[in-house]
Each structure stands twice: as structure tokens, then as C-alpha cells.
Amino acid sequence: MKWYADAPVRRARQAVADLVALAWVWFWVEVALGARDAVLTLRAPGDGLTKAGNGLRDTFTDAAAKARDVPLVGGKLGEALDKGRDAGGTLVDAGTTQVEAVETTALWLAVALIAIPVAFLLITWLPLRLRYAKRAGAAQRLRDTGQVDLLALQALTTLSPRELAKFTTDPADAWRRGDPEVVTALATRYLRTRGVRGG
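From a predicted model like this one, the values you see are computed outputs, not experimental measurements.

Caption draft 1: Representation of the overall build of the protein chain within the structure. Secondary structure assignment for the protein chain yields 7 helices and 0 strands. Helices (α) and strands (β) of the protein chain occur, in sequence order from the N terminus, as α-α-α-α-α-α-α. A compact globule built from 199 residues should have a C-alpha radius of gyration of about 16 Å, whereas the protein chain, at 36 Å, is more than 25% larger. On the principal axes, the C-alpha backbone points of the protein chain span a range of 120 × 25 × 25 Å. Residues counted as buried form 27% of the 199 residues belonging to the protein chain.

Caption draft 2: Quick peek at the UniProt feature "transmembrane region" (unreviewed entry) in the protein chain. Following the UniProt record, the feature "transmembrane region" (unreviewed entry) maps to residues 106-126 here. The span residues 106-126 is 100% helical and 0% strand by assignment, and the distance between its end C-alpha atoms comes to 29 Å.

Caption draft 3: Structural context of the environment of Glu 100. Structurally, Glu 100 can be placed in helix H3 (residues 74-144). Residue classification places Glu 100 among the partly exposed positions, given a relative accessible area of 45%. The spatial distance from the C-alpha of Glu 100 to the C-alpha of Arg 43 is 8.4 Å, given a sequence separation of 57 residues.

Caption draft 4: Focus on the layout of surface pockets. In this model, the largest pocket occupies a volume close to 210 Å³. Here the lining of the largest pocket gets 6 residues from one element, more than from any other, and that element is H3.

Caption draft 5: Region of the structure containing helix H7 (residues 180-193). The terminal C-alpha atoms of H7 lie 20 Å apart, and with 14 residues this matches the ideal 20 Å at 1.5 Å per residue to within 8%. Taken as a whole, H7 has its buried residues at Val 182, Val 183, Leu 186, Ala 187, Tyr 190 and Leu 191. With its phi angle positive at about 80°, Gly 195 sits one or two positions after the end of H7.

Caption draft 6: The arrangement of the nonpolar core in detail. Core analysis: the largest hydrophobic core is formed by 20 residues, its most contacted members being Ala 139, Leu 151, Leu 164 and Leu 186. No other element matches H7, which puts 6 residues into this core. In contact with Leu 186, not counting residues within four places along its chain, are Ala 152, Ala 155, Leu 156, Leu 159, Leu 164, Phe 167, Pro 171 and Trp 175.

Caption draft 7: Representation of the packing of aromatic side chains. Inspection of every chain in the model, using the stated rule, returns 3 aromatic pairs. Measuring from ring centre to ring centre gives 5.9 Å for Trp 24 and Trp 28, while their planes differ by 65°; the resulting arrangement is edge-to-face. Residue Trp 24 and its partner Trp 28 are both found in helix H1 (residues 8-40); the two are separated by 4 residues, about one turn of the helix. With a centroid separation of 5.3 Å and 80° between ring planes, the pair formed by Phe 27 and Trp 28 is classed as edge-to-face. Since its relative accessible area comes to 43%, Phe 27 is described here as partly exposed.

Each value, and the rule that gives it
Residues numbered from 1 in each chain as written. Predicted model: local features only at pLDDT ≥ 70, side-chain atom pairs only at ≥ 80, totals over all residues. Heavy atoms only, no water. Helix = DSSP H or I, 4+ residues; strand = E, 2+ residues; numbered from the N terminus. Rg over C-alpha atoms; globule rule 2.2 N^0.38 Å. Buried < 20%, exposed > 50% of the residue type's maximum accessible area, 1.4 Å probe, protein only. UniProt positions renumbered as here; feature names shortened; annotations may be inferred. 1 Å grid on protein atoms, 1.4 Å probe; cavity = no way out; pocket = protein on both sides within 12 Å on 5 of 7 lines; lining within 4 Å. Points joined across faces, edges and corners; volume = space filled by probe spheres on them. Expected span 1.5 Å × (residues − 1). Core = buried A, V, L, I, M, F, W, Y, C linked by side-chain atoms within 4.5 Å. Contact = heavy atoms within 4.5 Å. Phe/Tyr/Trp six-rings, centres within 6.5 Å; stacked < 30°, edge-to-face > 60°.

Written out as C-alpha cells, the structure is:
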């Protein structure tokens, strides 16, 4: 495969298009990371709930342990305080759930913001570049192996009628007769359309 044309102007256009494609990907990666970071700031309330729940749970756990040491009512008082510990655990669970939801949303938002533009690029730009690379590579191989007749035949089948009309003689007839001047001219024009220098 041949990725870039031999002609300087066409090669420059291809290089600019490739750079634009890379810039497009970089831009959307930056947007996605910024959006992810913005969404992750929404986890602060969940972190607060988790911290408050942990504090509440620890406080009630310590209080229940000390209350059990109280004679006569210690057992019942400890059980009552254990319910406060459970409430702290509920707050921790709620905070953890909120944090996980925010993190999941941030992740999938970033993935979507990268995947959709990159998929668009892969559908539009990449097939054009691959098609050019394959065709130019095939033309260059034909040129390098000296198969000028095949290049001329390709020119007859792919050049526009207006291009073929520029020849002073009928190019198809001249190709059939093996006219070296016309065959070489056809091959050169075909190579030029593929961005390959003539041999």
C-alpha cells in the first residue's frame, strides 16, 4: 500500500487531512475527559453521605459498647444504640450507591463522547485513505514491474471521456495496436490519477 502521493500538492493535502483527523480525535478525547471530570464533581454529596454514615456508625458502635457496661439496663440500651449504628450503615450504603452511579455515568459519557466522533471518522475518512493506499500501491506495483499495457488498459477503463478525448488519435485503437507512445501516455495519466509518479 502507498499512503501518500508522489505529487507534492496532493501529498500535502493528504498530510493535512491526516493531521485534521488526528486533531479531531485529540479534541474529542479532551472534551470527553473534561466532561468526565465535570460529572465526577457530582460525587461530592455521595462522599459526604458516606463520611457522615461512617462517623454516625462509629459513634453509635462506641456508645452501644459503653452502654452495655451499664448495670441492669445496659443490654437494652446497647440494642437501642445498635439501631443508630444500622442507620449509619444505611447512610454509607446510600452514599456508596450515589458515588457508583456518578462514576458509571462519567465513564459512559466519556466513552460515548469519544466513540461517536471516532466512529464517524472511521466511517468517513479511513475508508477513503485505505482505498487510496490500495489503489496507489497496486498502480505503483504495476509500474515497478513494467506492466505498462495493464496501466494503459486501466486508464482506458477509468479515465473520463473528456480526458480520453485529449488524445489526437483514438486511444483504444492505439492501445490495441500497441502504439508505444499512446500506451505510455495512457499509463502516465493513469498513474497521475492515482498519485503515483510515472515510470
